[in-house]
Structure formats: C-alpha cells, structure tokens
Amino acid sequence: MSADRNIARVTATAAVHAGRVPTKPTPTIDLASTYHLPGVDAGGESYASLTAGGPPTAEGGLVYQRMWNPTTAGFEQALAELEGLPEAVAFASGMAAISACLLAATTGPGAAGKRHVVAIRPIYGGTDGLLSKGTLGTEVTWVDGPADIAAALADRPDTALVVVETPANPTARLLDLDAVSAACGDVPYLVDSTFATPVLQQPARHGATLVVHSATKYIGGHSDVLGGIVATTPEWAARLRDIRIQTGGLMHPLAGYLLHRGLQTLPLRVRRACQSAQALAEWLASHPAVERVHYPGLPGGDPDGLLGPDRQMLLPGAMMSFEMRGGYDAAATVAENVRLILHAASLGGAETLITHPASLSHRHVAPEARPDAGLLRFSVGLEDAADLVADLQAAFAKL
C-alpha cells in the first residue's frame, strides 16, 4: 500500500471542530420548512441551482427545506472532512442513502442501459434485499470476494456500480479495498463503512467513489436518531442531491444537529468500544459453548493484513459475531437471558447490543447466504468489559 493511501487518522480535534464556525461552537437548528424569496428572478435562480444539485445562490436564498437546510449542511461538511472527501449528502436513513446511490448510478450521466450491480456478500440484510428484489430496477450478480469482481464485470459490461461492505454485516469480515479498486477499473464502487466509521478507515483513500454510513449507528452513537450519509465527489454529490429533492428522502434538521454533535465524541467512543471488544472476543473464543468468533482482532481474523496504523483499518472495531455450538436453541437462550446487554436490533450505541441476524436483519436473505442459525451479532458498547463478561456468563449458564 502506498504512503498516500495510509489512514489519515481522525483526531479528537478534527472531530470536535469539523463543519463548525470557530466563533460559534454550537450549530443553529434551523427548522424552517420554507424561506422568504427576495425576488422572482433571484428566487428562481436559487431554485434552479438547488434542483441541479448545487447549493442555493446567495441572492436567492434557501427556498425550501426539501432542497437545502443549513443545519444538515453543517453535518454534511463535517462528515466529508472526516472521510477526506470534498462533499457529503445526508438522507433520512441509511437505506435512503443506499437507494439514492443506486438511483444515481443507474440514471445519471452515462448510465443509459446500465442497470447491473456487482455486490459482495455478506452485506447488510436491507441492502441485500434491495438488490435481490430489484426494487429499483437493478439486476445483481453476487460474488464472494475482490478476486471475483473482474470476471463479473467482464460478463456484464452494463454494470453501473460495485457494492461492498467492510467490515461486513454480520461477520465483521474485512475486504481488501485496494484489491476491490483494482478489480473495478473504471466502474465506480461503493463502500458501506458503517461498522468502521471514519475513525478506523477512509475508503476513498482506496479508490471508493461513494462512502456510505448508516449514521443511525456509531455516528449518532446514542440510539436516538435516524440518518444516512454519503461522502463523495462534487459530481456525485450533485446527482445525489437531485435525487434527494425528487424522492423526498431528506434528513430532518434536528437529526442533522444530533448527528453533527455525535461526531464530536466519535473517536473517543469508537476507541473505547474497540478496547472492550478485543477483551470480549478473546473471552468468547475461549468459552466451550462457542464454536467460532468472527472478529478481525483475533488470530486468523485478518488474513490479508489490513489492520494497523499504516494499513487499511486502524483497529479491529467493536462489532463481532459468534456461533454457538448448540445452534439456534443455544443462540436464542443466550439472546433471551442477557440482562445488562440489550437484546435489540441496530448497533453502535453506548449500550451493548446482541441480536440474531437470521431472525431479524438477514431474515429475508437467500437461504444459501443467510447467517447460520446459531450465530449472534454483538455490538460492544461503552460499559466496563468485566460487567459485560459477567452478563454473558450468567446467560451461558442457562444453556
């Protein structure tokens, strides 16, 4: 990996100040749905700029919240800075963001007749379902890894986009993004980097065109706000804003405020959770009731050598999954008997969460790609690791 592709670490200082006015540390929450138009021509010019995916003009004003909101724009600027990209576009949810990317890839300039997508499994169940069902008119070819992408693209010259997720949901599998980039050639590729956050990796440094986050998760960090965001180039950002205007998938300004606030503590939260996750993974790997732990920080969990200060991903993350020796019955027993740990969907909050992907997030994934019935996904939060171990011990005692 060349030096210019090394991780540019997101420092606590950068996270605190990104997208903010130095003399005004707390962004203003602008809840207005509509704005005064100073004149017919000026308002029309601003409207034209906005509908073309650009910013409002200084003379014409903001026009209408579905097109532009200054509170949300501050969050977008901050996330773009942390990802090392020029711009970002926020949406009402992570799935709204993914959907907009697919529409931008298949309906934008040069996309005529291109409806095909190549994607690597495992991937978040919602994304898997969106692609498998062809809801947005796309066709998908599923491949197992970067080595298979080039062949899939050769078979389908009508490919508009390659979609990957690393670390992958739910197994935390790492993908070599330099290998993905080399295989894609001129075809743009999207990385869902929700599990990593910009604290641990910046996919654009490895050729990614679109970097997507379910901001609901680590970026919000407190399980109290929904949002999605895409960091990208100015050209793609303009297309995404146009789609956001047309489809109405905008982020509410209060969500933009909360997510921008969440970025300030993101490096601290992620690093703390990573410390606890390593301890929990090692404990789980030694437990006789556990068949296998999927976590990049364990021996064999990083076969391509992607972890480290000068590599693709700084730390192993705080997401893992583990397979119970007793299959579904054992997994259900553990999930239903934790008390401190919350049995719930989602991830990346302050509280530790456990969930059964085959029953929830990946329930509708094709049987051959669905997670094992004995697998539990584990999002390690900010509690003391010893307390989490004690809670798991009590739940395992019920087996």
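Here, every reference points to the structure presented above.
The shown structure was predicted, so the numbers you read here are calculated from the model rather than taken from an experiment. (Residues numbered from 1 in each chain as written. Predicted model: local features only at pLDDT ≥ 70, side-chain atom pairs only at ≥ 80, totals over all residues. Heavy atoms only, no water.)

Caption draft 1: Looking closely at a nonpolar patch on the surface. A surface patch of nonpolar side chains, amounting to about 260 Å² of accessible area, comprises I29, L31 and L254. One can find I29 in the loop between α1 (12-17) and α2 (40-51). On the basis of relative accessibility, which here comes to 35%, the residue I29 falls in the partly exposed class. (Patch = residues over 30% accessible without salt bridge, like charges linked within 9 Å, V, L, I, M, F, W, Y side chains within 5 Å. Areas by Shrake-Rupley, 256 points an atom, 1.4 Å probe, with all protein chains shown as cover. Salt bridge = Lys/Arg side-chain N within 4 Å of Asp/Glu carboxyl O. Helix = DSSP H or I, 4+ residues; strand = E, 2+ residues; numbered from the N terminus. Buried < 20%, exposed > 50% of the residue type's maximum accessible area, 1.4 Å probe, protein only.)

Caption draft 2: Local environment of the sheet that holds strand β10 (residues 342-343). An order of β8-β9-β12-β11-β10 is seen for the five strands of this open sheet, with the pairing classed as mixed. Each of the sheet's edge strands pairs with one partner strand only, and the pair in question is β8 (290-294) and β10. Where strand β11 (residues 353-355) lies against strand β12 (residues 375-379), three bridges are found, and the strand directions are antiparallel. Paired with I354 across the strands is F378, a residue of β12. In the packing of helix α10 (residues 253-285) onto the sheet, the strands contacted are β8, β9 (319-324) and β12, and the crossing angle to β9 comes to about 10°. (Pairing = 2+ DSSP bridges. Contact = heavy atoms within 4.5 Å. Axes fitted to C-alpha atoms, helices over the stretch in contact; angles between N-to-C directions.)

Caption draft 3: Molecular detail of the environment of M319. Relative to the helices and strands, M319 resides in strand β9. Along the backbone, M319 and V293 are 26 residues apart, and their C-alpha atoms lie at a distance of 11 Å. With sequence-adjacent residues up to four places away left out, M319 is seen in contact with A172, F195, Y218, Y295, L347, R377, F378 and S379.

Caption draft 4: Looking closely at the nonpolar core. Core analysis: the biggest nonpolar cluster contains 84 residues, and F75, L284, M320, F322, M324, F378 and F396 have the highest contact counts within it. Look past the residues within four positions of F75 in its chain and what remains in contact with it is A90, A215, I219, I229, M251, G256, L259, H260 and L263. Listed in part, the 25 residues of the second largest apolar core include C101, A104, L210 and V230. (Core = buried A, V, L, I, M, F, W, Y, C linked by side-chain atoms within 4.5 Å.)

Caption draft 5: Region of interest: unusual backbone geometry. With an omega of 0°, the peptide bond running from R121 to P122 counts as cis. Here P122 is to be found in the loop between β2 (116-120) and α5 (125-133). For T197, which is not a glycine, the phi torsion comes out positive at approximately 65°. You can see T197 is positioned in helix α8 (residues 197-200).

Caption draft 6: Region of the structure containing the sheet that holds strand β4 (residues 159-165). One open sheet holds the seven strands; their spatial order is β1-β7-β6-β5-β4-β2-β3, and the pairing between them is mixed. The open sheet has two edge strands, β1 (87-91) and β3 (139-143), and neither has a second partner. Between one strand axis and the next, the sheet turns by 20° as a mean value, whatever way the strands run. Relative to strand β7 (residues 228-232), β1 runs antiparallel, the two sharing five bridges. Each bridged residue has a counterpart across the sheet, and for A90 the counterpart in β7 is I229. Along the sheet face, helix α3 (residues 70-83) touches β1, β6 (210-214) and β7 and points at about 130° away from the line of β1. Together, β1, β2, β4, β5 (189-192), β6 and β7 form the strand contacts of helix α4 (residues 94-107), whose direction differs from that of β6 by roughly 160°.

Caption draft 7: Fine view of the packing of α4 against helix α9 (residues 234-247). It is at 9 Å that the axes of α4 and α9 come closest, and there the two elements cross at 115°. Between α4 and α9, the angle falls in the class roughly perpendicular. Every pair of crossing elements has a handedness; the one defined by α4 and α9 is right-handed. Counted together, A100, C101, L103, A104 and A105 of α4 and W236, R239, L240, I243 and T247 of α9 form the full contact between these two elements. Residues that form the contact of α4 with α9 fall into these classes: eight nonpolar, one polar and one charged. (Parallel < 35°, antiparallel > 145°, perpendicular 65-115°, else oblique. Left-handed = near helix turned anticlockwise from the far one by under 90°. Nonpolar A, V, L, I, M, F, W, Y, C, P; charged D, E, K, R; others polar.)

Caption draft 8: Structural detail: the pairing of β9. For β9, the tally of buried residues reaches six of six residues, placing the bulk of the element in the interior. Side-chain alternation along β9 places M319, S321 and E323 on one buried face and M320, F322 and M324 on a second face that is also buried. Alignment of β8 against β9, held across four bridges, turns out to be antiparallel. Across the sheet, residue H294 finds its bridge partner in β9, namely S321.

Caption draft 9: Spatial organisation of the packing of aromatic side chains. Scanning the entire structure with this criterion turns up two aromatic pairs. Here F322 and F378 contribute two aromatic rings whose centre-to-centre distance is 6.0 Å and whose plane-to-plane angle is 90°, an arrangement assigned as edge-to-face. Residue F322 is located in strand β9, and its partner F378 is located in strand β12; the two are separated by 56 residues in the primary sequence. Among the residues examined, F378 registers a relative accessible area of 0% and is labelled buried. Sitting over the face of the ring of W142, R121 holds its NZ or CZ atom 4.0 Å from the ring centroid. R239 extends its terminal NZ or CZ atom over the ring of W236, reaching a point 4.0 Å from the ring centre. (Phe/Tyr/Trp six-rings, centres within 6.5 Å; stacked < 30°, edge-to-face > 60°. Lys NZ or Arg CZ within 6 Å of the ring centre and 35° of its normal.)

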